[in-house]
Each structure stands twice: as structure tokens, then as C-alpha cells.
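Listed here are the chains, written in short residue letters.
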Amino acid sequence: MTTISTDPVARTEILARIRPASTDITNSDPVADVPIEWEYGTGIDMDDVVGTFVEKVIDYKATVVRVKGADVPQAVVEGLRSTGAEHSAVVPVGLDKSWVGAIKTAGFDARLDDPQLSKKELNDTDAVVTGAACGIADTGSIVLTHVEDQGRRAITLVPDRHVCVVKASQVVSDVPEAIQIVKPAVHEGHPLTFISGGSATSDIELSRVDGVHGPRRLYVIVVDDR
């Protein structure tokens, strides 16, 4: 809510401050005075997009590892173990077969979400493993469009741990640039999920509670494919 003072003395004082502060403005046209040289969706200048993404994700208290493409299956297994998963993991129908094979070889029950697992089955599963649509360096967020390698929203919200694989080539600088990437999926009717660290909330006394709206543990594998 904006409050406008009706006190003539206060109004005079405010205007007296504004006038000298704006003496350098010679053009009253705000568009001409402040030209916009930025085009929506083209991204922002950033020295190290992937490095910035990694730093921001770590700031959210998530775990991040960077690996080569050939090392992803083992990294997925290590991610499950690191988050505390012991018995099972949900896998979307389109998840890379080598990752699923590694999960099974490591002794985990890889629960394929086809037919769809029930809410109780999801709740009883230790973790979920997915790919991603893109990562956003400026915010440290991961975007899911819930296509085949990411699965439906429920499997990424109910289990308590999420191991997410993001390719370095999928990481962009900012949100508008990410929107351009996910736009086709939105037009096809897919939902979007933005993930910024593990799920957490706090009450008015700032008492933090983890895992309220989704997985409390997030383990991100960044694949150096560039």
C-alpha cells in the first residue's frame, strides 16, 4: 500500500528534495531518457555460467558434483547413497537406461513409474532420480518440464530425496533465457517445476522445517558435456 501525505509542509519538503536530485534530467520523455538496450530472452553477460550455477545451487545447501558423461551412472549411485537412500528409487520411464542399470546393480530397487506408482508407494520410496530441462545460473534453480526423463510432478515431490542430472549445455544465465527453452513444453501442455535447493519453509519465528513441499535432500550432478 502506498500512502500519499496530505501534509502541505511534508509535501513541500519532499518536492524540495526531488527537484535538485533531478536537475541532470534534461529530457522529460522517460523512454528516451532511459533507453532499454536489453532484449528479452537473450540472457545476461556472465563470465562462467556453469560455475555460477554450481555456486548458487550450493548456496541452497544442496550437494553438487561435476562429472564427465561416462561417469554419470556411478555418480547417480553415489548420489543416492550420499543422500541416505538405502533401498529404492523411483525412475521415470525415459531415464537413461545405463543410469537405471547402475541403480539396480548397486542393489537398489529401481521402481519404474509405469504403471504409475501410488501415493503410498511413492511415499515409501527412498528417492527419485531424474534428468532436467535446464538450469539457471542467476538463481541457482533447476527447471523440470516433466517430459519422459523427468517424470510426472508427483514423483519429484513425494520422495524425500532427489538426485537430478543437469547437463552443462542445459545451463543458461537467467530466468528469461530459461523460459525460451521450456516454452515448447509449455505449449504442449506440460507443467513446470522450479527447484531451488531442498524443500524448506519457516514459520513466523523463523523455525525452519525441511521437506514440507518436496524432497528435503537435493543432489545435483552436473555433466560436463561442453
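Residues numbered from 1 in each chain as written. Predicted model: local features only at pLDDT ≥ 70, side-chain atom pairs only at ≥ 80, totals over all residues. Heavy atoms only, no water.

The chain goes by Lactate utilization protein C in an unreviewed UniProt entry, where it is assigned to Cutibacterium acnes.

**Brief notes about a nonpolar patch on the surface**
Here is the rule we go by: Only residues whose relative accessible area exceeds 30% and that form no salt bridge enter a patch; like-charged residues are grouped when within 9 Å of one another, and nonpolar side chains (Val, Leu, Ile, Met, Phe, Trp, Tyr) when within 5 Å. Residue exposure ignores everything except the shown protein chains as possible cover, and the areas themselves are Shrake-Rupley values with a 1.4 Å probe. By convention in these notes, a salt bridge is any Lys or Arg side-chain nitrogen within 4 Å of a carboxyl oxygen on Asp or Glu. Secondary structure follows DSSP: runs of H or I at least 4 residues long count as helices, runs of E at least 2 residues long count as strands, and numbering of each begins at the N terminus.
Residues Ile14, Leu15 and Ile18 make up a contiguous nonpolar surface patch of roughly 250 Å² in combined accessible area. Note on placement: Ile18 falls in helix α1 (residues 8–21).

**Some thoughts on the pairing of strand β3 (residues 109–112)**
As a general feature of sheets, a regular strand has side chains that alternate between the two faces. Stated precisely, the cut-off is as follows: In short, DSSP must find at least two bridges between two strands for them to pair. Looking down the strands as they point away from the viewer, one classifies a crossover as right-handed if the path from the first strand across the helix to the second runs clockwise.
By the bridge criterion, 4 bridges tie strand β2 (residues 88–91) to β3 in an arrangement that is parallel. Paired with Ser88 across the strands is Asp109, a residue of β3. A crossover connection joins β2 to the parallel β3 through helix α5 (residues 97–105); in handedness this β-α-β unit is right-handed.

**Observations regarding the pattern of salt bridges**
Note the following rule: Exposure is judged per residue with a 1.4 Å probe applied to protein chains only, and the accessible area is read against the type maximum: over 50% gives exposed, under 20% gives buried, and values in between give partly exposed.
Within this structure, the stated rule accounts for 6 salt bridges. Close ionic contact of Arg17 with Glu13 constitutes a salt bridge, the shortest N to O distance being 2.8 Å. A residue pair is termed a helical-turn pair when its members lie 3 or 4 positions apart in one helix, as Arg17 and Glu13 do in helix α1 at 4 residues. The closest approach of N and O atoms between Asp113 and Arg152, which form a salt bridge, is 2.7 Å. Remark: Arg152 occurs in the loop between β6 (141–144) and α7 (153–157) and Asp113 occurs in the loop between β3 and α6 (119–123); sequence separation between them is 39 residues. We classify Asp113 as buried; its relative accessible area is 9%.

**Regarding the pairing of strand β4 (residues 127–130)**
What you see with β4 is no split at all: Ala127 and Val129 on one side and Val128 and Thr130 on the other are buried throughout. Inspection of the sheet shows β4 paired to strand β7 (residues 161–167) by 3 bridges, in the parallel sense. The residue of β7 that forms the bridge with Val129 is Val163.

**Digging into a negative patch on the surface**
Which entries qualify depends on this criterion: Note that His is not counted, nor are the chain ends; the positive residues are Lys and Arg, and the negative ones are Asp and Glu. In plain terms, the charge of a residue is placed at NZ if it is Lys, CZ if Arg, CG if Asp and CD if Glu.
Taken together, the side chains of Asp45, Asp47, Asp48, Glu55 and Asp59 define an acidic patch exposed on the protein surface. Within the fold, Asp59 resides in helix α3 (residues 49–59). Under the relative-accessibility criterion, Asp59 is labelled exposed at 58%.

**Points about the nonpolar core**
The cut-off we apply is this: Side-chain atoms within 4.5 Å are what join buried Ala, Val, Leu, Ile, Met, Phe, Trp, Tyr and Cys residues into a set we call a nonpolar core.
By size, the foremost hydrophobic cluster in this structure holds 23 residues, and its most contacted members are Val72, Val76, Leu80, Ile103, Val129, Val165 and Ile221. Sorting elements by how many residues they give to this core places helix α4 (residues 72–83) first, with 5 residues. Within the second largest apolar cluster, 18 residues are counted, among which are Phe53, Ala62, Cys164 and Ile195.

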